[in-house]
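Single-letter residue listing:
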Amino acid sequence: MQRYYAVAFLASAVRVLAEVADAAEAAEEVADSVASRTGVSENGPGDLKALISALFLNSLIVIGCLIGFSVLRMRFPMMYSHKMNQSKESLTASRSEGVDSSVSTSSQKRHRLRELKTRICDWFSFSIKTSTEDAVDRAGLDAALLREFCTTGALILATVGIPMCIIMTPINSTLGEAARGDDHLSTAEMATIRQDHPWLYYVHAVVVWLVCLAVHFHLDRAQATFLQLRVKWLQNLPAPRSTTVLVENIPSKWRSDEKLREFFGTIFSPEDVAGTHMVKLEDELAKLVLERENLVALKRKAELTFEKTQKVETYRPTWCGPKVDALEYCEENLRGLDDQIISLRKEHDAERTEDPTARTSHCGFVTFKGRRFAEMAQSLQISPNKQEWKVTAAPEVSDLRWNDLRKPRTLKIGSELLGYLCCFGLYIGFMPIVGFVTNLGMAVNMGPFQPIWEGFAPTLGLTIFLCFLPTLFMTIFRTFFVLKSESLAQHKLQFWFFVFQLIFVVLVTTVGKSIITQFRHIAENPNDIIQIMADSLPKATHFYMTYLVLQWSRRAMEMLRYMPLSKFLVFRAIFSQEEAKEMAEPEDQDSFGFGARNVNLAVSVVLGLLFCSMSPLVTLFAMFDLLLARMTYGYLVIYAETRKPDLGGVFWVTQIQFVQLAMALYCMFMVGVLRQKSSSCAWLVAVPSLLIVLYSFWHIPHAYQWNKLPFQEVAFGIDKLEQKDCDDPAGDCYVQPELTAVDQLTALAA
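Residues numbered from 1 in each chain as written. Predicted model: local features only at pLDDT ≥ 70, side-chain atom pairs only at ≥ 80, totals over all residues. Heavy atoms only, no water.

Colleague: Hey, could you run me through the overall build of the chain in this one?
Modeller: A count of helices and strands for the chain gives 32 helices and six strands. Scored against the burial criterion, the 750 residues of the chain give a buried share of 51%. Of the accessible surface of the chain, which amounts to about 35,600 Å², a share of 61% is contributed by carbon and sulfur atoms. (Helix = DSSP H or I, 4+ residues; strand = E, 2+ residues; numbered from the N terminus. Buried < 20%, exposed > 50% of the residue type's maximum accessible area, 1.4 Å probe, protein only. Areas by Shrake-Rupley, 256 points an atom, 1.4 Å probe, with all protein chains shown as cover.)

Colleague: Sorry, what's going on with the packing of helix 10 (residues 283-309) against helix 32 (residues 737-749) here?
Modeller: Helix-helix packing: each pair is described by the crossing angle between the helix axes and the interaxial distance. One way to put it is that helix 10 packs onto helix 32 with a least axis distance of 9 Å and a crossing angle of 65 degrees. Remark: the crossing between helix 10 and helix 32 carries left-handed chirality. Contact with helix 10, carried on its side by Leu285, Ala286, Val289 and Arg292, involves Glu738, Leu739, Ala741, Val742 and Leu745 of helix 32 and no other residues of that element. In the contact of helix 10 with helix 32, the residues fall into seven nonpolar, no polar and two charged. (Axes fitted to C-alpha atoms, helices over the stretch in contact; angles between N-to-C directions. Left-handed = near helix turned anticlockwise from the far one by under 90°. Contact = heavy atoms within 4.5 Å. Nonpolar A, V, L, I, M, F, W, Y, C, P; charged D, E, K, R; others polar.)

Colleague: Would you explain the sheet that holds strand 5 (residues 360-368) in this entry?
Modeller: Backbone-to-backbone hydrogen bonds join strands into a sheet, with any given pair of strands oriented parallel or antiparallel. With antiparallel pairing, the four strands of this open sheet are ordered in space as 2-5-1-6. Of all the strands in the sheet, the pair left with one neighbour each is strand 2 (273-280) and strand 6 (390-393). Direction aside, neighbouring strands of the sheet carry axes that sit 25 degrees apart on average. Running over the sheet, helix 9 (residues 257-267) touches strand 1 (244-248), strand 2, strand 5 and strand 6 and is turned about 140 degrees from strand 2. (Pairing = 2+ DSSP bridges.)

Colleague: Sorry, what's going on with the nonpolar core here?
Modeller: Inside soluble globular proteins, nonpolar side chains tend to come together where they are buried. Membership of the largest hydrophobic core comes to 152 residues, with the highest contact counts inside it found for Phe473 and Leu609. Ignoring sequence-local partners within four residues, the contact set of Phe473 consists of Cys423, Leu426, Tyr427, Leu493, Trp496, Phe497 and Phe500. Counting residues in hydrophobic clusters, the runner-up holds 17 residues, among them Leu285, Cys330, Leu334 and Ile342. (Core = buried A, V, L, I, M, F, W, Y, C linked by side-chain atoms within 4.5 Å.)

Colleague: Explanation requested: the environment of Arg555 in the structure shown.
Modeller: Within the secondary structure, Arg555 is located in helix 21 (residues 541-558). The spatial distance from the C-alpha of Arg555 to the C-alpha of Asn600 is 10.0 Å, given a sequence separation of 45 residues. With residues up to four places along the chain from it excluded, the contact list for Arg555 reads Asn600, Leu601, Ser604, Asp625, Leu628, Ala629, Thr632 and Tyr633. Here the side chain of Arg555 touches Asp625 through a polar contact of 2.9 Å, side chain to side chain. (Polar contact = N/O pair within 3.5 Å; in protein donor to acceptor, adjacent residues only side chain to side chain.)

Colleague: Please explain the pattern of salt bridges as it appears in this structure.
Modeller: Tallied over the entire structure, the rule returns 31 salt bridges. Glu313 serves as the salt-bridge partner of Lys301, at 3.8 Å between the closest nitrogen and oxygen. One end of the pair, Lys301, is in helix 10; the other, Glu313, is in the loop between helix 10 and strand 3 (314-315), with 12 residues separating them in the sequence. Judged by relative accessible area, Glu313 falls into the buried class, the value being 18%. One salt bridge in this structure joins Glu351 and Arg359, with 3.1 Å as the shortest N-O distance. (Salt bridge = Lys/Arg side-chain N within 4 Å of Asp/Glu carboxyl O.)

Colleague: Is there a simple way to think about a negative patch on the surface in this case?
Modeller: On the surface, Glu303, Glu307, Glu328, Glu331 and Glu332 cluster together into a negatively charged patch. Listed by contribution, the elements that provide at least two residues to the negative patch are helix 10 and helix 11 (326-334). The biggest single contributor to the negative patch is helix 11, with three residues. By the element assignment, Glu303 lies in helix 10. Given the relative accessible area of 38%, Glu303 is considered partly exposed. (Patch = residues over 30% accessible without salt bridge, like charges linked within 9 Å, V, L, I, M, F, W, Y side chains within 5 Å. Lys, Arg positive; Asp, Glu negative; His and termini not counted. Charge placed at Lys NZ, Arg CZ, Asp CG, Glu CD.)

Colleague: Could you clarify how one ought to interpret unusual backbone geometry in this entry?
Modeller: Outside of glycine, negative phi angles account for most residues, and trans bonds account for most peptide bonds. Pro240 follows Ala239 through a cis peptide bond whose omega is 5 degrees. The topology assignment puts Pro240 in the loop between helix 8 (200-235) and strand 1. Along the chain, Glu585 connects to Pro586 via a cis peptide bond; the corresponding omega equals -5 degrees. Among the structural elements, Pro586 can be located in the loop between helix 23 (577-584) and helix 24 (589-592). With a phi angle near 55 degrees, Asn249 is a residue other than glycine that sits in the positive phi range. By the secondary structure assignment, Asn249 is in the loop between strand 1 and helix 9. For Asn249, a relative accessible area of 11% puts it in the buried group.

Colleague: I would appreciate a short explanation of the packing of aromatic side chains in the present structure.
Modeller: The geometry of two aromatic rings is summed up by the distance between their centres and the angle between their planes. Taken as a whole and assessed by the stated rule, the structure comprises 40 aromatic pairs. Residues Phe263 and Trp389 carry aromatic rings whose centres are separated by 3.9 Å and whose planes lie at 5 degrees to one another, so their mutual orientation is stacked. Taken as a pair, Phe263 in helix 9 and Trp389 in the loop between helix 13 (371-378) and strand 6 lie far apart in primary sequence, 126 residues in all. Chaining the aromatic ring pairs together yields one cluster made of Tyr420, Phe473, Phe477, Phe481, Phe495, Trp496, Phe500 and Phe504. (Phe/Tyr/Trp six-rings, centres within 6.5 Å; stacked < 30°, edge-to-face > 60°.)

Colleague: Teacher, can you tell me more about the environment of Leu337 here?
Modeller: Mapped onto the secondary structure, Leu337 falls in helix 12 (residues 337-354). Accessibility expressed as a relative area gives 4% for Leu337, which makes it buried. Separated by 46 residues in the primary sequence, Leu337 and Glu291 place their C-alpha atoms 9.3 Å from one another. Those residues in contact with Leu337 that lie beyond four places of it in its chain are Leu288, Arg292 and Leu295.

Colleague: Would you mind going over the pairing of strand 5 with me for this structure?
Modeller: Regular strands place side chains that alternate from one sheet face to the opposite one. The buried fraction of strand 5 amounts to nine of the nine residues, a majority that puts the element mostly inside the structure. Relative to strand 5, strand 1 is paired through four bridges, and the arrangement is antiparallel. For Val247, the partnering residue across the bridge sits in strand 5 and is Gly364. Pairing geometry for strand 2 and strand 5, over six bridges, is antiparallel. Across the sheet, the residue bridging to Val273 is Phe368, located in strand 5.

Colleague: Quick question: what am I supposed to make of the side chain of Glu148 here?
Modeller: Of note, Glu148 is situated in helix 7 (residues 141-175). You can call Glu148 buried: its relative accessible area is 18%. Polar contacts involving the side chain of Glu148 include one to the side chain of Thr132, which spans 3.2 Å. Once residues within four sequence positions are removed from consideration, Glu148 is found in contact with Thr132 and Trp652.

Colleague: Mind showing me how you'd approach the confidence of the model for the chain here?
Modeller: Caution is warranted with low-pLDDT regions, since their predicted coordinates should not be read in detail. Residue-level pLDDT values for the chain average 82, and 80% of them are 70 or greater. The low-confidence segment residues 86-103, where pLDDT is below 50, has 25 contacts with residues more than four positions distant or belonging to other chains. For the stretch residues 727-731, pLDDT sits under 50, and the model shows six contacts to residues farther than four places along the chain or on other chains. (pLDDT = per-residue confidence, 0-100.)

Colleague: How should the packing of helix 18 (residues 486-506) against helix 25 (residues 594-610) be read in this particular structure?
Modeller: It is at 8 Å that the axes of helix 18 and helix 25 come closest, and there the two elements cross at 35 degrees. For the crossing formed where helix 18 meets helix 25, the hand is right-handed. Residues Gln490, Leu493, Gln494, Phe497, Phe498, Gln501, Leu502 and Val506 of helix 18 touch helix 25, and the partners they reach there are Phe594, Gly595, Ala596, Asn598, Val599, Asn600, Ala602, Val603, Val606, Leu607 and Leu610. Here the residues of the contact of helix 18 with helix 25 sort into 13 nonpolar, six polar and no charged.

Colleague: Help me out: how do you make sense of a nonpolar patch on the surface in this one?
Modeller: A cluster of nonpolar side chains, Tyr202, Val206, Leu210, Leu213 and Val685, forms an exposed patch at the surface whose accessible area comes to about 410 Å². Sorting elements by how many residues they give to the nonpolar patch places helix 8 first, with four residues. Inspection of the secondary structure puts Tyr202 in helix 8.

Colleague: How do you make sense of the environment of Val71 when you look at a structure like this?
Modeller: Mapped onto the fold, Val71 is located in helix 3 (residues 47-75). Judged by its relative accessible area of 48%, Val71 is partly exposed. Expressed as a C-alpha distance, the spacing of Val71 and Leu560, which sit 489 residues apart in the sequence, is 9.9 Å.

As structure tokens, this is what we get:
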């Protein structure tokens, strides 16, 4: 019966998708192209002036942000350098105590001035000189690899972009023999080569080979370095995470702590299993515990507010209700709440005493006494049905989404299908929203600042929408998708956000008037995708220059940490600095988490690679963007921001796949351009370069097995680490927080 309802729901969803697609297609057919609605204009004579204006404006913003960051870092070290050990590592340690009192006042002033200059600028030294191993220790592997991807991407773009600018750009300009027009910016591009040039297109065909070889070389070397870091990270993974596995889709008869322990105790031995915990269906209890925590926090805030300002804190219990005294409201609602929570826990425990499988989910955690057993459990095929007894490494305790683990499997298909429908709706709604904002920006007259505004306005709608897009995606993922941890939600965002930017930023000019019509055309005629790219992408190279320059300001503004700082200043007026710091962190993980940040970096690499032959300046601007990101994230994620839950390199692996995809797009793009611009066989010379791309896609995942710890490490090198974990266990146990909270309340009541 459940299968019947699932099929019926799927059929109805498909019908809805078809109706929405037809309606969207009909609306798009009468509109302008998607590119024009997103502010993407074709190359023209005035683009050089607009680019210079954008360079000037964004350079001023970057300089201003860096100066502001340096000042704020001195003023609020808790928000900008709290992970520094001032006594041992900081180059800014105060030396004023060591100044001889007999030294003249002027000498002391000069000394303090030199010291102040050092303290203001030493963050740059920390950003550049911090080793990867030190970065991993301070912020985790994912944070360190975010920084390393900036380095790898900049190195790739420098390898292909600088020779293109130094060698190929003068050759194209002097020997291309194309007619010169008023578009001076295009003189640095491949467009300066005339149609059917007798030999220059063959040179570019060979360049395609060289670019692919260079990119694969850097990716292969970077992946080898990553593998070493990954193995070391797995070896140093602390207990209980290193010795715990998550078991999903447990058959109903085994859904109790005792039965789960008995099952794995039979597979290994009872002595090897340290403990088990079935996820309990305690939604009502979790709601009451959360309500109590919120009331306690509100009560403390009201007490501190009255103590410091002598003002009564007010609170609005409902959205449209009147305000009440917060302290009285909390005391009234807390009265008897503890007894209610404890009573509910005892009631549910009594049910499980009669039936051990009552109120249990299909998920559970098994903690072993040794790392070896946890690694072996992940390699077992326990049941012939692969959907049962799914054993994976346990996520970090603090990162678990317990609500999702409590959800029944029967709701997963329908809920996720609704999530995909919402994602599809974002694709449909993107074009009219961005077009409206862009047209509004273009209609604004800035008077004497109009030349500067013209370099900023065309990308205004695209930039604003993309800023809010991660939040929209994450809202959909948290609402409709069943995810084990918040970090996996970030990884899901990394994929969907990249696909969105790939279509509506990188390849927006290929979409035409309707994305649906274009996809349908490509599905029916796959070979046309090369020709479509060759026809449309070369006409928008100047837009991508401006777009990449605009990203510089975005990177620099992240250093200010304006939202966490604002919250810190507000909370500091009531709470202690340590509490205010904790309440202000972390930064918005939708827009500034690993998912969104990695995608923004990947898009810069994709644009730089895609246009490295057609317009080398795009590659240079993308390289500068990555260098600025390296400087920014090299300090922020290591020394300023709080440490985030770590997946151990999952984001990095996906980033490498994105770069490989960029290499494939570059090859197809150049084959199409050479075929269009020359009637010779130059495009046939470039076609075999796709073999390098295919080899890269095959070689890197097969040569570098990163998912699990090599068994030789498990068998021979893990005993010392296990002994260390047993002597000094790290982290929390895999028990639901609401159950732990009730245990604490029960102990206090006793």
